[in-house]
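Read off the chains here:
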Amino acid sequence: MSLTHFDERGAARMVDVGDKPVTRREAVARGAVRMAPETFRRIADRTVEKGDVLGVARVAGIMAAKRTGELIPMCHPLGLSSVTVDFRLRPGEPLATVEIEAVARVDGKTGVEMEALTAVSVAALTIYDMCKAVDRGMVIDAVRLVRKRGGKSGTWVRPGEADLPPED
């Protein structure tokens, strides 16, 4: 497999997608923030002093997905059809977990994997930022692509991932 972001001399370049057909594309990414149970409780109870942690993290993730082309040098700017950011709260000892899932969709000439991954990453960073005064030991973990659909390469699903949104 050749790397498409380099020319024949090895210089970085943006891939030309001009001749590619427009297709419906979707990407699902996931990640987690692991934290002390007390931090988790404060997030769940909405008692963190800075405000509604998950509400702010959701907006931050969506905003970041929309700006991925400005953040990642070789990404094409995309007119996204939709981005969702959702959370699953998993209490636990010694660490509790906020799981994050982002779904990005576009009708376009290139995929939205980076937009979904950026949404998860920035949502996780926002959770950390809003809770760091309470728990500097939080860990952002397992940011990964779990599914992509559309384009020439079709559908790819990470082995072992469960609870994926249904295919359209």
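These lines cover the structure that appears in this document, whether it is placed above or below. Given the structure is predicted, the values throughout are model-derived calculations rather than measurements. Along each chain, residues carry numbers from 1 onward, in the same order as the chain's sequence is written. Local features in this predicted model are restricted to residues whose pLDDT is 70 or higher, and side-chain atom pairs enter the listing and the counts only when it is 80 or higher, whereas totals over whole chains, interfaces and linings include all residues. The basis for every side-chain value is the complete set of non-hydrogen atoms in the structure, without hydrogens or water.

## Concerning the overall build of the protein chain
Per the secondary structure count, the protein chain includes 4 helices and 5 strands. Numbering goes from the N terminus for both helices and strands, where a helix is a DSSP run of H or I of at least four residues and a strand is a run of E of at least two. Along the protein chain, helices and strands appear, N-terminal first, in the series β-α-α-α-β-β-α-β-β. Note on contacts: a residue pair qualifies if any of its non-hydrogen atoms lie within 4.5 Å across the two residues. By sequence separation, contacts in the protein chain at least 24 residues apart represent 69% of the contacts at least 6 residues apart. Accessible surface is estimated by sampling points in the Shrake-Rupley manner with a 1.4 Å probe; for residues, cover comes only from the protein chains shown. Total accessible area on the protein chain stands at roughly 9,400 Å², and carbon and sulfur atoms take up 55% of it.

## Details of the sheet that holds strand 4 (residues 139-149)
Note on pairing: two strands pair once DSSP finds at least 2 bridges between them. Across the sheet, 5 strands lie side by side as 2-3-1-4-5; this open sheet has antiparallel pairing. What marks the edges here is a single partner per strand, and that holds for strand 2 (82-90) and strand 5 (156-157). Bridge count for strand 2 against strand 3 (residues 96-108) is 9 bridges, and the pairing is antiparallel. Of the residues in strand 3, the one forming a bridge with Arg90 is Thr97.

## Brief notes about the side chain of Glu101
Within the secondary structure layout, Glu101 lies in strand 3. Burial classification: accessible surface area is computed with a 1.4 Å probe over protein chains only, and a residue below 20% of its type maximum counts as buried, one above 50% as exposed, and the rest as partly exposed. The class of Glu101 is buried, set by a relative accessible area of 9%. Any N or O atom pair separated by 3.5 Å or less is treated as a polar contact, with the protein-specific requirement of one donor-capable and one acceptor-capable atom, and with residues adjacent in sequence counted only for side-chain atom pairs. A polar atom in the side chain of Glu101 sits 2.7 Å from the side chain of Arg30.

## Points about the pattern of salt bridges
Salt bridges are defined by distance alone: a side-chain nitrogen of Lys or Arg within 4 Å of a carboxyl oxygen of Asp or Glu. For the structure on display, the rule yields 16 salt bridges. Across the pair Glu26 and Arg105 runs a salt bridge, and its minimum N-O distance is 2.6 Å. Here the residue Glu26 occupies a position in strand 1 (residues 23-35), and Arg105 occupies one in strand 3, the gap between them amounting to 79 residues. Among the ionic pairs, Arg34 bridges to Asp141, the shortest N-O distance being 2.9 Å. Here Arg34, found in strand 1, pairs with Asp141, found in strand 4; they are 107 residues apart in sequence, far enough to count as distant. For Asp141, a relative accessible area of 29% corresponds to the partly exposed category. Connected through salt bridges with shared partners, the residues Glu26, Arg105, Arg147 and Arg149 form a single ionic network.

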